[in-house]
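# Descriptive structure summary
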Amino acid sequence: MKQQTLLMIKPDAVQRNFIGRIIERLETAGFQIVQMKMVHLTVARAREFYEVHEGKPFLEELVAFMSSSPIVAIALEKENAVADLRELVGATNPAEAACGTIRQCFAIDMGKNSVHASDSPENAAVEIRFHFA
Ligand code: UDP
Ligand code: MG
């Protein structure tokens, strides 16, 4: 069954000119780009996106980072898109990400980990609506 998910290319990857290389990996893996935009999130919008992490110790740093410079938001479609994208992206901490994953190849550390990927079909729907309402 075709499914949609959301990927964001985070500021660290945009700043280091990795947009093209990350998109190439998505397309090579069979993801269809259905919507895409570059956007500079405000602090308030970044906080809204990550409201599920309210109260977590890393939230303030995450919000500051995600609003520090532009990101690229991409809605993707594929069979089993949510789980397959999480696998392509790799573990949150790049030091623990599997070989060949986007985070293992491009990320700097746990905070500057180059990409966001939705973690469930329900959250994917919310996150796609957030960027492409
Ligand atoms: N994060 C962090 N420190 C942590 C956990 C998470 O800086 O201890 C950041 C990291 O950039 C991560 C984001 O917060 O991508 C959201 O965390 P989540 O647990 O949802 O990880 P993800 O779903 O992105 O792998
Ligand atoms: Mg998450």
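Look above for the structure.
Thresholds, definitions, all that
Residues numbered from 1 in each chain as written. Chains lettered and ligands numbered in written order. Predicted model: local features only at pLDDT ≥ 70, side-chain atom pairs only at ≥ 80, totals over all residues. Heavy atoms only, no water. 1 Å grid on protein atoms, 1.4 Å probe; cavity = no way out; pocket = protein on both sides within 12 Å on 5 of 7 lines; lining within 4 Å. Points joined across faces, edges and corners; volume = space filled by probe spheres on them. Helix = DSSP H or I, 4+ residues; strand = E, 2+ residues; numbered from the N terminus. Nonpolar A, V, L, I, M, F, W, Y, C, P; charged D, E, K, R; others polar. Expected span 1.5 Å × (residues − 1). Buried < 20%, exposed > 50% of the residue type's maximum accessible area, 1.4 Å probe, protein only. Arc of directions from axis to C-beta. Contact = heavy atoms within 4.5 Å. Salt bridge = Lys/Arg side-chain N within 4 Å of Asp/Glu carboxyl O. Phe/Tyr/Trp six-rings, centres within 6.5 Å; stacked < 30°, edge-to-face > 60°. Near = heavy atom within 4 Å. Polar contact = N/O pair within 3.5 Å; in protein donor to acceptor, adjacent residues only side chain to side chain. Areas by Shrake-Rupley, 256 points an atom, 1.4 Å probe, with all protein chains shown as cover.

Another aspect to go through is the layout of surface pockets. Quantified by volume, the largest pocket comes out at close to 750 Å³. Around the largest pocket, the lining is made up of 27 residues, and of these Y50, H53, F58, L62 and H116 lie nearest the centre. Mapped onto the lining of the largest pocket, the elements with two or more residues apiece are α3 (43-49), α4 (59-66), β4 (115-117) and α7 (121-132). At 4 residues, α7 tops the list of elements feeding residues into the lining of the largest pocket. Considered class by class, the residues forming the lining of the largest pocket number 10 nonpolar, 7 polar and 10 charged.

A rise of 1.5 Å per residue sets the reference length of α7, with its 12 residues, at 16 Å; its end C-alpha atoms lie 16 Å apart and thus fit the reference within 8%. When α7 is considered as a whole, its buried residues turn out to be A124, E127, I128, F130, H131 and F132. Along the axis of α7, the buried residues cluster in a sector spanning 160°; they form a single face. Turned more than 90 degrees off the buried face of α7, the exposed positions are E122 and R129. Where the residues of α7 are buried, they touch β1 (2-9), β2 (32-39), α3, β3 (71-79), α5 (81-89) and β4.

Under the defined criterion, the tally for this structure stands at 4 salt bridges. The salt bridge involving R16 is made with D12; its shortest N-O contact spans 2.6 Å. The class for D12 is buried, based on a relative accessible area of 5%. Measuring nitrogen to oxygen at the nearest pair gives 2.5 Å for the salt bridge that ties K78 to D84. Residue classification places D84 among the partly exposed residues on the basis of a relative accessible area of 23%.

In the structure shown here, the tally under the stated rule is 3 aromatic pairs. When the ring of F18 is compared with that of F106, the centres are 4.7 Å apart and the planes differ by 45°; the resulting orientation is tilted. Of this pair, F18 sits in the loop between α1 (11-15) and α2 (19-28) while F106 sits in helix α6 (residues 102-106), placing them 88 residues apart in sequence. Classification of F106 by relative accessible area gives buried; the value is 8%. With a centroid separation of 5.0 Å and 75° between ring planes, the pair formed by F49 and Y50 is classed as edge-to-face. For F49, a relative accessible area of 9% puts it in the buried group. Residue classification places Y50 among the buried positions, given a relative accessible area of 5%.

Right, let's get into the site of ligand 1. As a matter of local geometry, ligand 1 sits amid K10, H53, F58, L62, R86, T92, R103, M110, G111 and N113. Here R86 contributes a side-chain N or O atom positioned 2.9 Å from an oxygen atom of ligand 1. Between an oxygen atom of ligand 1 and a side-chain N or O atom of T92, the distance comes to 2.5 Å. When the free accessible area of ligand 1 is taken as 500 Å², the share hidden by the protein chains comes to 78%. Class assignment for the residues of the shell around ligand 1 results in 3 nonpolar, 4 polar and 3 charged.

Read these as layout, nothing more, since geometry by itself doesn't imply function.
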